[in-house]
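Now for the letters of each chain:
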Amino acid sequence: MHPIRRQRLQWVALIVVAASIAAALMAYMLGQNASYFYAPSQIVAGEAPIGVNIRAGGMVVEGSVDRSMDSLEVSFIVTDGLENLQVTYSGILPDLFAEGEAAIAAGKLDSKQILQATQVLAKHDENYMPPEVADTISEAYQRKQQHQPEPQEALQ
Amino acid sequence: MIAEFGHAALIIALCLALVQAVVPMLGSFVGQRSWMRLGYSLAVGQFLFVAVSFACLAAAFLADDFTLKYVAQNSNTELPSYYKISAVWGAHEGSLLLWALILAGWSAAVALFSRALPLPMGGRVLSVLGAISVGFGLFLLFTSNPFARLLPVALLQGADLNPLLQDFGLIVHPPILYMGYVGFAVPFAFAIAALIGGQFDAAWARWSRPWINLAWMFLTLGITLGSWWAYYELGWGGWWFWDPVENASLMPWLVGTALMHSIAATEKRGVFRSWTLLLAIFAFSLSLLGTFLVRSGVLTSVHAFAADPQRGVFILIFLAIVIGGSLMLFALRGPAMQKVLAYSGWSRELMLLTNNVLLVSAMTMILVGTLYPLIADVLELGKISVGPPYFNFFFVPLVIGLLVAVGIAVTTRWRKTEGRLLLQKGALPLVISLLCALVAPLFLGADRSFSSYSAGAALSVFLALWVLATITSDLKDKIGTDLTRVAKFSRSYLGMQLAHTGLAVCVLGVGLSVAYDESRELRMQPGDSAQIASYQFQFVGIDRIPGPNFIAHRAEVRVLQQDRLVTSLFPEKRNYNAGGQVMTEAAIDPSLARDLYVSLGEPLGGNTWAISLQVKPFVRCIWLGGLMIALGGLLAAMDRRYRRQTRVVSAAKGTAL
Amino acid sequence: MNRIALFVPLVLFVVLSLFLFKGLERDPAQLPSALVGEAFPVFALPDLLEERLLSTEDFPSQVVLVNIWATWCFACRIEHPMLNQLAAQGVNIIGLNYKDQTQQAQQWLQERGNPYLFNIVDQQGSLGFDLGVTGAPETYLIDAQGIIRQRRVGVLDQAVWDREFNDLYQQLLGESR
């Protein structure tokens, strides 16, 4: 083969190999680090994996925020109107965190279906309902509606 | 009345931009020199009218003209007047007007300082810039008019500026960042003009280089300021979050950096021509994409302050025309790729290629990570967010590769460099930096022992010293025994060395602050104290104090080291009067070697508060490094070479006339 | 061969922009700020249950609540009983059915009761945009002159009513008599 052609072929082969490795790595890392969002009812229904980083969110139930008296341990309940999810967290809650407002917690689910959060987010702007929460909640609601004829009973 | 004036000025500016986009371009095809020359005065005129329009909006803010919807939504009589000015660009409409102003400013600068450009080239460059101005002008007037009235009026008090944005950082950060974003429109326009005219030679590269350097300098400064702002204003002590908005600014920076390096090869050696053109298109495309991601709210993000799908559709169409059109032009008229690679073995070309591959890979992985949640959502794979570990996994090795390459590249020459020479020059810096890196963590760690040895710290010390040592050795070789040679160094050489030094400082700051950061979140009541690293933090007490438009809880925290008072810090929790928003205001005691960072969490009843205490070693080096990088870019842009060339060309023109 | 390679960036961009365009169809994040003290914006929109066009002139010259709701909105489900209760107490409530599907909305009122004098159908979200609605539910207190006097973002429950609305409501009621 002509040396220049061979050199060019080597380059092309190198680029193809490197690009495939990079693409495979990116796909793998995205799979590893992408955390999925689940609504409380999905978690109660056992759809969320245990011991894997996930995010969950909903409205913080009024009166459910319980601060420990001697540490920064805090627990609260988020709801999507169908099911409740207990969340525990240790640390400072964001400025916009409040009862009756939407919040998203990121962390791992333990075997008792309590979310051990490593991060709690409330939105920076005045949106009280992050789109993920709103979407997932309405999806969860529609699903439930198909199974139960009178879902509004559960809400009132 | 003043608003109508501003509105009218904006419409006139749009009309001027329209003429600027069409006439010089047409002139360049039919050979009408006067048409092409028209672009110069139009660019300046357009800038003046946009400036008038901007001044009118600022005046409306200062006069508390709440009949304007935009003013009413983003200002308040209680707001201090310097924040009223910065509130002009505090939300969507005004920040777009700022965009338009800066774009017109860059166009005017090209018109004023690039008079030496050959006429068809200059006219086309200004035409392309005018076309971009038309796009933004239409967007402003039809979807985001800041001069829209609010009628009927029954409003005495505005809604107030988002308290997060009531800060010095907001006064300076967006304008500088936009200077960078929009600045890439100039090399973009040069690239398009080159594609239209079929001229991709060294002269073309030399004309666009100073503009690339300037835009890049502003973007560097903007990103640095943004990181610093997030650090002290968001109140949890982080300086980079891999947030979509941050990524949107980092991507054009990475491509811009690649562009600066590849155009050097294009100018000096005539290689990478199509690649350089593509990078110039990409740098501006990514700036636009950044605007799109932020403005349309396609990606939810902490920073996205105005979100409206209608605007998103407009921007996307604009994006499709600008990027799609320029890539089409590139595909049809781009220069054929070089058949033979005119370099072999170790050479500066190879190192610049390495630089480009690493930077573009970094950009690609950030782009994929940023857009993946959106793509997953469209494909209904679920609601996903991609965490920092993904970005760090790729970014850290790429940066390590980059720094190693910087050290090697300093010694390489164009075309071919003997491997032996590289070894000879590189050996000493390598040994020095390796030794220092191995030993340094012993002295930097908390208890100065092996138990606190940090490999991350060792690695970052090694990388930083490797770069610094190779730069020093290169300077030493160039200076030799005659110190007066320093004066003969070109500014672009000094700029390069300064920027690379800044990179080393920045990496050192990142590595050490990550390795030795110590932070605790505690429940504290007055009288409590806590030990963080070698510092003792005492919570003294808490007061309520009124501010201009808020009421704050202010805590006093004393910091002692070996029973000696270091400083007293006063973190605040502010409740803003309008809107009732709450803001955390961290208190920081800065120094080069370490920052002490205290912020208030929430009240836990009585005088008990959740408090976050942090000691962050060398965190300031991150921004110091950023400043040095930016300064390096500025220095390189001021190289005499670019001005001399202007003079030569105008002299030539003078004799021709 | 080389020419074809130059088309690669263009193709990549086209693929990317298809995704971006699809992405725009997602629920947009919302705009902040509604203006207390401003007149209720002018509009002309259909009624939910009858074939007619509504405008501000259909507002009774009394104190009214304007409630933004939608069937996709979860919190509205929680809020609805409270609205029924307020309506039973004689509070005038006007519904603003926000970015919703008309049929589902009608069904919702059948199932849960209809506390509203009438419902404005704002399918495009244009009135919501003028009001600066950030989502649902939201509730506005409008005085007899048609000026917005109070705004609640989020669920209106008994506690919020007592704390933020009741006093002002009673006062405005007194003024309008």
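Note on numbering: residues in each chain are counted from 1, in written sequence order. Think of it this way: whatever chain is written first is A, whatever ligand is written first is 1, and the rest follow in order. Local features in a predicted model are, by the rule used here, given only for residues with pLDDT of at least 70; side-chain atom pairs are given and counted only at 80 or more, and totals for whole chains, interfaces and linings are based on all residues. Only hydrogens and water are set aside; all other atoms, that is, all heavy atoms of the structure, feed into the side-chain values.

### A few points about the confidence of the model for chain C
On average, residues of chain C carry a pLDDT of 80, and 86% of them reach 70 or more. Residue range residues 26-34 of chain C is modelled with pLDDT below 50. Its contacts to residues more than four positions away, or to other chains, number 34 contacts. Per-residue confidence from the predictor is given as pLDDT, running between 0 and 100. We call two residues in contact whenever any of their non-hydrogen atoms come within 4.5 Å of each other.

### Let's talk about the sheet that holds strand β11 (residues 609-617) of chain B
In any sheet, the strands associate via hydrogen bonds between backbone groups, in a parallel or an antiparallel arrangement. Residues and elements named next belong to chain B. The strand order β2-β11-β10-β9 describes an open sheet built from four strands, whose pairing is antiparallel. The sheet is open, and its two edges are formed by β2 (518-524) and β9 (587-589), each paired on a single side. Going from strand to strand, the sheet's axes swing by 15° on average, the running direction of each strand aside. Sheet topology places strand β10 (residues 594-603) next to β11; eight bridges connect them, and they run antiparallel. Residue pairing across strands places V598 opposite L613, the latter belonging to β11. By definition, two strands form a pair when at least two bridges between them are found by DSSP. Secondary structure follows DSSP: runs of H or I at least 4 residues long count as helices, runs of E at least 2 residues long count as strands, and numbering of each begins at the N terminus. Where helices are involved, their axes are fitted lines through C-alpha atoms of the stretch in contact, as for all axes, and angles between N-to-C directions lie from 0 to 180°.

### Brief notes about the side chain of R124(B)
Residues and elements named next belong to chain B. Residue position: R124 is located in helix α6 (residues 119-143). Within the buried core, R124 has no salt-bridge partner, and the shortest N-O distance to an opposite charge, that of D201, equals 12 Å. Once residues within four sequence positions are removed from consideration, R124 is found in contact with M25, S28, F29, A193, I196 and G197. Buried means the residue's accessible area, taken with a 1.4 Å probe over protein chains only, is under 20% of the maximum for its type, while exposed means over 50%, and partly exposed covers the values in between. Lys and Arg are tallied as positive, Asp and Glu as negative. Neither His nor the chain termini are counted. What counts as a salt bridge is simple: a side-chain nitrogen of Lys or Arg found within 4 Å of a carboxyl oxygen of Asp or Glu.

### Let's talk about the packing of aromatic side chains
Aromatic rings from Phe, Tyr and Trp, with only the six-membered ring used for Trp, were paired whenever their centres fell within 6.5 Å, and each pair was classed as stacked if the ring planes differed by under 30 degrees, edge-to-face if by over 60, and tilted otherwise. Taken as a whole, this structure holds 31 aromatic pairs over all chains when the rule is applied. A ring pair is formed by W242(B) and F395(B), whose centres lie 5.2 Å apart and whose planes are at 75°; its orientation type is edge-to-face. With W242(B) in the loop between α9 (202-233) and α10 (244-269) and F395(B) in helix α14 (residues 388-411), the pair connects residues that are 153 residues apart, well separated along the chain. Like F395(B), W242(B) is buried. The ring of F118(C) is capped by R52(C), whose NZ or CZ atom sits 5.6 Å from the centre of that ring. Should the NZ of a Lys or the CZ of an Arg lie within 6 Å of a ring centre and within 35 degrees of the ring normal, that charge is described as sitting over the ring. The ring of W108(C) carries R112(C) above its face, with NZ or CZ at 4.3 Å from the centroid.

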